[in-house]
Amino acid sequence: MALATAPAAGAVGILRLSGPAALEVGRRLAPGVPVSPVPRHAYLASFVDVAGRPLDEGLFLYFRAPHSFTGEDVVELQAHGSPRLLQLLLARVLEDARVRPAHAGEFTRRAFLHGRMDLTRAEAVADLVAADSEAAVRAAAAGLSGGLATRVRALEEPLRALHADLEGVLNFPEEAEGADEDAGPRVAALRAEAEALLADSGRGRLVRRGARVALYGPVNAGKSTLFNRLVGEARALVDDEPGTTRDVLEARVEWNGLALSLLDTAGLRETPGRVEALGIARTREALAAVDLALLVLPPGASPAEAEAWRREAGATPVLRVAGKCDVARPPEDGGLPVSGKTGEGLEPLRAAVLSRLWGEGTPAAVALVSERHADALRRTAEALGRAHEASRLSTLEVLSGEVGLALEALGEVSGTSASEALLDAIFQRFCIGK
Ligand SMILES: Nc1nc2c(c(=O)[nH]1)N(C=O)[C@@H](CNc1ccc(C(=O)N[C@@H](CCC(=O)O)C(=O)O)cc1)CN2
């Protein structure tokens, strides 16, 4: 039992019960509902206190197992959204010894345990609740409808078949003779598949966390004016006095559905060799932690200067921007011409940023590989790598052992081999009532 809606005043508040006693317990609050209600029918019912006095008039819904979210009997009491009223209803439900408050994520965990969804879909439920950009919503929705589950299954099933073949040859060499013949190529194909899935995890991180993009470069290149333009409000102090931006400013935007944190760093007074102490440390720190650095150079910056600035970003990819293009046009290879003052070049800049971050296409409905999935997929691919070695150099036992390890690691993604501890860790992230 738990509230399925936020514990705040709202139009409607939903109390949800799941388990074999759900109907009986629910009917104690809503005695007007038939003993055998029509499943999924919305009954308008009076919710009453222990003395039979009405507390609310709401909707009563019954989902009969296994046709419910959890796969168990589920009852929903959809009341008016007063937190105090919901508390009274909750207290009344809890009087029944068969009822206890649900743990975080317990409804979804039960759905998983009853085989209603695999682990990737259960995690997509939490992702959807936490989604704070359109891309995150679309990606979680794709995961919820089985996008990733399908791809993982397409890997898990042939891997399981391969393992069964190898174990067959080991245990019943006569009957299963030859089943291990093409083990090498099968392992190689599966490993390539695991690595292809793994390659998507960078995009997953971008969509989930949002991308981080920093503007940097010398003082007075027009960074703050550009930052304000990109953010759409006068966030950064703009001044002709060099060095106005001392701190790193951060603002969130959503471009093409993708959430981005834009950072405006302090302009650096000197060439990067001899830099202003204040600001440079923060700028370097900021640059190390972003997905893309926008190097904004003023008109007339030399190629040598540009190269020196580029090096400041270290391993972070750099996109070169020619600021203040309203003052002077940059040369051919001087970077994207942009003017924060007139707004010129902003659209090409946004497009270039997105294409550097995302590659081809727009952040649409791709089912995302999370860091947890990536970790398990990496172990899958590694075990398959060792299996491939073994297929050429070692015994069938070793080969089958590695394939078994790959299968186990992959099972952590789908949930077919998830330990209680892993499930605890995953469902703890959920909110209560989900
Ligand atoms: N009021 C309410 N809204 C909600 C939920 C809920 O539990 N209650 N959900 C949950 O958090 C989500 C919807 N998810 C659901 C998923 C499956 C089933 C369900 O009854 N499935 C059955 C029947 C399928 C069918 O008729 O097509 C099944 O899968 O067998 C219900 C809700 C979002 N909105």
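Residues numbered from 1 in each chain as written. Predicted model: local features only at pLDDT ≥ 70, side-chain atom pairs only at ≥ 80, totals over all residues. Heavy atoms only, no water.

Brief notes about the sheet that holds strand E2 (residues 10-18)
Next up, step 1: In space, the five strands of this open sheet follow the order E1-E2-E5-E4-E3, with antiparallel pairing throughout. At either margin of the open sheet sits one strand with a lone partner, and together these are strand E1 (2-3) and strand E3 (43-48).
Next up, step 2: Direction of pairing for E3 relative to strand E4 (residues 54-63): antiparallel, over a ladder of six bridges. Within the sheet, the bridge partner assigned to Ser 46 lies in E4 and is Glu 57.
Next up, step 3: Along the sheet, helix H2 (residues 83-94) makes contact with E1, E2, E3, E4 and strand E5 (74-81), crossing E5 at roughly 150°. (Pairing = 2+ DSSP bridges. Helix = DSSP H or I, 4+ residues; strand = E, 2+ residues; numbered from the N terminus. Contact = heavy atoms within 4.5 Å. Axes fitted to C-alpha atoms, helices over the stretch in contact; angles between N-to-C directions.)

Focus on the site of the ligand
Next up, step 1: Around the ligand, the neighbouring residues are Ile 14, Arg 16, Arg 40, Phe 63, Pro 66, His 67, Ser 68, Phe 69, Glu 76, Gln 78, Arg 116 and Lys 434.
Next up, step 2: Between the ligand and His 67, the relevant distance is 3.1 Å, taken from an oxygen atom to a side-chain nitrogen or oxygen of the residue.
Next up, step 3: Glu 76 places a side-chain nitrogen or oxygen 2.4 Å from a nitrogen atom of the ligand.
Next up, step 4: Considered on its own, the ligand offers 680 Å² of accessible surface; in the complex 50% of this is hidden by protein.
Next up, step 5: Contributions of two or more residues to the shell around the ligand are made by E2 and E5.
Next up, step 6: The class makeup of the residues in the shell around the ligand is four nonpolar, three polar and five charged. (Near = heavy atom within 4 Å. Polar contact = N/O pair within 3.5 Å; in protein donor to acceptor, adjacent residues only side chain to side chain. Areas by Shrake-Rupley, 256 points an atom, 1.4 Å probe, with all protein chains shown as cover. Nonpolar A, V, L, I, M, F, W, Y, C, P; charged D, E, K, R; others polar.)

With respect to the nonpolar core
Next up, step 1: The biggest cluster of nonpolar side chains holds 33 residues, and the ones touching the most others in it are Leu 226, Leu 294, Leu 349, Val 353 and Leu 357.
Next up, step 2: For this core, the element with the highest residue contribution is helix H12 (residues 346-358), accounting for seven residues.
Next up, step 3: Each of two domains, domain 2 (126-204 + 369-428) and domain 3 (210-358), supplies a minimum of three residues to this core.
Next up, step 4: Setting aside anything within four residues of it in sequence, one finds Leu 294 in contact with Val 213, Ala 214, Leu 215, Tyr 216, Leu 319, Val 321, Leu 349 and Val 353. (Core = buried A, V, L, I, M, F, W, Y, C linked by side-chain atoms within 4.5 Å. Buried < 20%, exposed > 50% of the residue type's maximum accessible area, 1.4 Å probe, protein only. Domains from an automatic or database assignment.)

Side note on the UniProt feature "binding site: (6S)-5-formyl-5,6,7,8-tetrahydrofolate" (unreviewed entry) in the protein
Next up, step 1: Under the feature "binding site: (6S)-5-formyl-5,6,7,8-tetrahydrofolate" (unreviewed entry), the UniProt entry names Arg 16, Glu 76, Arg 116 and Lys 434.
Next up, step 2: If you trace the backbone, Arg 16 turns up in strand E2.
Next up, step 3: A relative accessible area of 8% means that Arg 16 is categorised as buried.
Next up, step 4: If near-sequence neighbours (up to four positions away) are discounted, Arg 16 is found in contact with Met 1, Ala 2, Ala 4, Phe 69, Val 74, Val 75, Glu 76, Phe 107, Gly 433 and Lys 434.
Next up, step 5: Tracing the backbone shows Lys 434 in the segment after helix H15 (420-428).
Next up, step 6: Classification of Lys 434 as partly exposed rests on a relative accessible area of 21%.
Next up, step 7: Here Lys 434 is in contact with Arg 16, Gly 105, Glu 106, Phe 107, Thr 108, Val 125 and Val 129, once residues within four sequence places are set aside. (UniProt positions renumbered as here; feature names shortened; annotations may be inferred.)

Describing the packing of aromatic side chains
Next up, step 1: With the rule as written, the count across this model stands at three aromatic pairs.
Next up, step 2: Look at Phe 427 and Phe 430: their rings are 5.0 Å apart centre to centre, the planes differ by 40°, and that puts the pair in the tilted class.
Next up, step 3: Residue classification places Phe 430 among the buried residues on the basis of a relative accessible area of 4%.
Next up, step 4: Put simply, the rings of Phe 112, Phe 427 and Phe 430 pair up and form one aromatic cluster.
Next up, step 5: It is Arg 16 that lies over the ring of Phe 107; its NZ or CZ is 4.5 Å from the centre.
Next up, step 6: If you follow Lys 434 out to its NZ or CZ, it ends over the ring of Phe 69, 5.4 Å from the centre. (Phe/Tyr/Trp six-rings, centres within 6.5 Å; stacked < 30°, edge-to-face > 60°. Lys NZ or Arg CZ within 6 Å of the ring centre and 35° of its normal.)

A word on a negative patch on the surface
Next up, step 1: Negative charge collects at one region of the surface, where Glu 174, Glu 175, Glu 177 and Glu 181 lie side by side.
Next up, step 2: Within the fold, Glu 177 resides in the loop between helix H6 (147-171) and helix H7 (183-199). (Patch = residues over 30% accessible without salt bridge, like charges linked within 9 Å, V, L, I, M, F, W, Y side chains within 5 Å. Salt bridge = Lys/Arg side-chain N within 4 Å of Asp/Glu carboxyl O. Lys, Arg positive; Asp, Glu negative; His and termini not counted. Charge placed at Lys NZ, Arg CZ, Asp CG, Glu CD.)

Regarding the domain arrangement of the protein
Next up, step 1: You can read the domains of the protein as domain 1 (2-114), domain 2 (126-204 + 369-428) and domain 3 (210-358).
Next up, step 2: With centres defined by C-alpha atoms, the gap from domain 2 to domain 3 works out at 41 Å.
Next up, step 3: In this assembly, five residues from domain 2 lie in contact with six residues from domain 3.
Next up, step 4: Between domain 2 and domain 3, the buried area comes to about 480 Å², and carbon and sulfur atoms account for 45% of it.
Next up, step 5: Contact with domain 3 buries surface across domain 2, with Asp 132, Ser 133 and Arg 203 losing the most and accounting together for 71% of the total.
Next up, step 6: Counting across the domain 2 and domain 3 interface gives one salt bridge.
Next up, step 7: Here Arg 252 and Asp 132 are joined by a salt bridge, their closest N and O atoms 3.1 Å apart.
Next up, step 8: For the pair domain 2 and domain 3, the number of links is six residue pairs in polar contact (both at pLDDT 80 or more).
Next up, step 9: Here the side of domain 2 that touches domain 3 is built from residues that sort into one nonpolar, one polar and three charged. (Buried area = accessible area lost by both parts, 1.4 Å probe.)

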